[in-house]
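Chain residues, written in single-letter form:
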Amino acid sequence: MSKKLKIAITVATSVLIIVIVIISTFFIVKHFKYKEKIDNIIEDYSDENIQDRLDNEAIKSTDDLMQQIDGEYVIGVIKIDKIGFSGLVYKGTSLDTLSKGVGHFDSSPYLNGNVCLAAHNTKYWAKLHTLKKGDKIIYTSFLGTKEYSVTDMLQISETDWTKLSNTTENMLTLLTCVKGKPTQRLCVQALETD
């Protein structure tokens, strides 16, 4: 192997390593910034801080109780340890909102009743289908925190909205697409635990 070829290989390898380090650093920093946002929301929306927020005289609507991140109202955080997922829950389910994280259906309550959430099955809920009955989910909203236990997992039609109806029981309904089945949705329901 010639000396020029060795130098070219060394330079190319060095450049490749530098590019990999830069890209890795970017994703690591992005991950920790997102985790910091989650931690800040959990702290701000903690049970200890609820009454202070509710007693604030400047509060005129529920929107005033929520923080805004990236131009979106943040309702809370959902944490599913079984699949290693923690994510911000944003108000609404537009495509733009769902590109940032988990979305909250406007027609569902924020804490009591049937809280309905959706997220993409690629970036966010890729492992949602691996949940089993009894798996725990923690949901923290600006009105408080509840723990839930998975009770049902089923596939429904993309036009079936019956699972989003409100209930007297406190529950979560999570919806995401089913890989390879564009007209189906995975529906996970979980009841509040005592």
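As defined by bridge partners, strand β7 (residues 144-157) adjoins strand β9 (residues 181-192) across nine bridges and the pair is classed as antiparallel. Across the sheet, residue Tyr148 finds its bridge partner in β9, namely Glu192. Relative to β9, strand β8 (residues 171-178) runs antiparallel, the two being bridged by eight bridges. Across the sheet, Cys177 pairs through a bridge with Arg185, a residue of β9. What sits between the antiparallel neighbours β8 and β9 is a turn of two residues, in which Gly180 has the positive phi angle 80 degrees.

To continue, consider a nonpolar patch on the surface. A cluster of nonpolar residues, Ile7, Val11, Val15, Val19 and Ile23, forms a patch on the protein surface that exposes about 410 Å² of accessible area. Within the fold, Ile7 resides in helix α1 (residues 3-44). Residue classification places Ile7 among the partly exposed positions, given a relative accessible area of 47%.

Take the environment of Arg185 next. Turning to its location among the elements, Arg185 is positioned in strand β9. Distance in space between the C-alpha atoms of Arg185 and Lys3 is 59 Å, their sequence separation being 182 residues. If near-sequence neighbours (up to four positions away) are discounted, Arg185 is found in contact with Leu154, Gln155, Ile156, Glu158, Thr176, Cys177 and Val178. A distance of 3.1 Å separates a polar side-chain atom of Arg185 from the backbone oxygen of Pro182.

Turning next to the side chain of Asp135. Position of Asp135 relative to the elements: it lies in the loop between β5 (114-118) and β6 (136-141). Judged by its relative accessible area of 13%, Asp135 falls in the buried class. For Asp135, the side chain forms a polar contact with the main-chain nitrogen of Lys132, separated by 2.7 Å.

Bringing the packing of aromatic side chains into the picture now. Scanning the entire structure with this criterion turns up three aromatic pairs. Seen in terms of ring centroids, Phe105 and Trp161 are 6.2 Å apart; in terms of plane orientation they differ by 70 degrees. Their pairing is edge-to-face. One end of the pair, Phe105, is in the loop between β4 (102-104) and β5; the other, Trp161, is in the loop between β7 and β8, with 56 residues separating them in the sequence.

Rules and cut-offs
Residues numbered from 1 in each chain as written. Predicted model: local features only at pLDDT ≥ 70, side-chain atom pairs only at ≥ 80, totals over all residues. Heavy atoms only, no water. Pairing = 2+ DSSP bridges. Helix = DSSP H or I, 4+ residues; strand = E, 2+ residues; numbered from the N terminus. Patch = residues over 30% accessible without salt bridge, like charges linked within 9 Å, V, L, I, M, F, W, Y side chains within 5 Å. Areas by Shrake-Rupley, 256 points an atom, 1.4 Å probe, with all protein chains shown as cover. Salt bridge = Lys/Arg side-chain N within 4 Å of Asp/Glu carboxyl O. Buried < 20%, exposed > 50% of the residue type's maximum accessible area, 1.4 Å probe, protein only. Contact = heavy atoms within 4.5 Å. Polar contact = N/O pair within 3.5 Å; in protein donor to acceptor, adjacent residues only side chain to side chain. Phe/Tyr/Trp six-rings, centres within 6.5 Å; stacked < 30°, edge-to-face > 60°.

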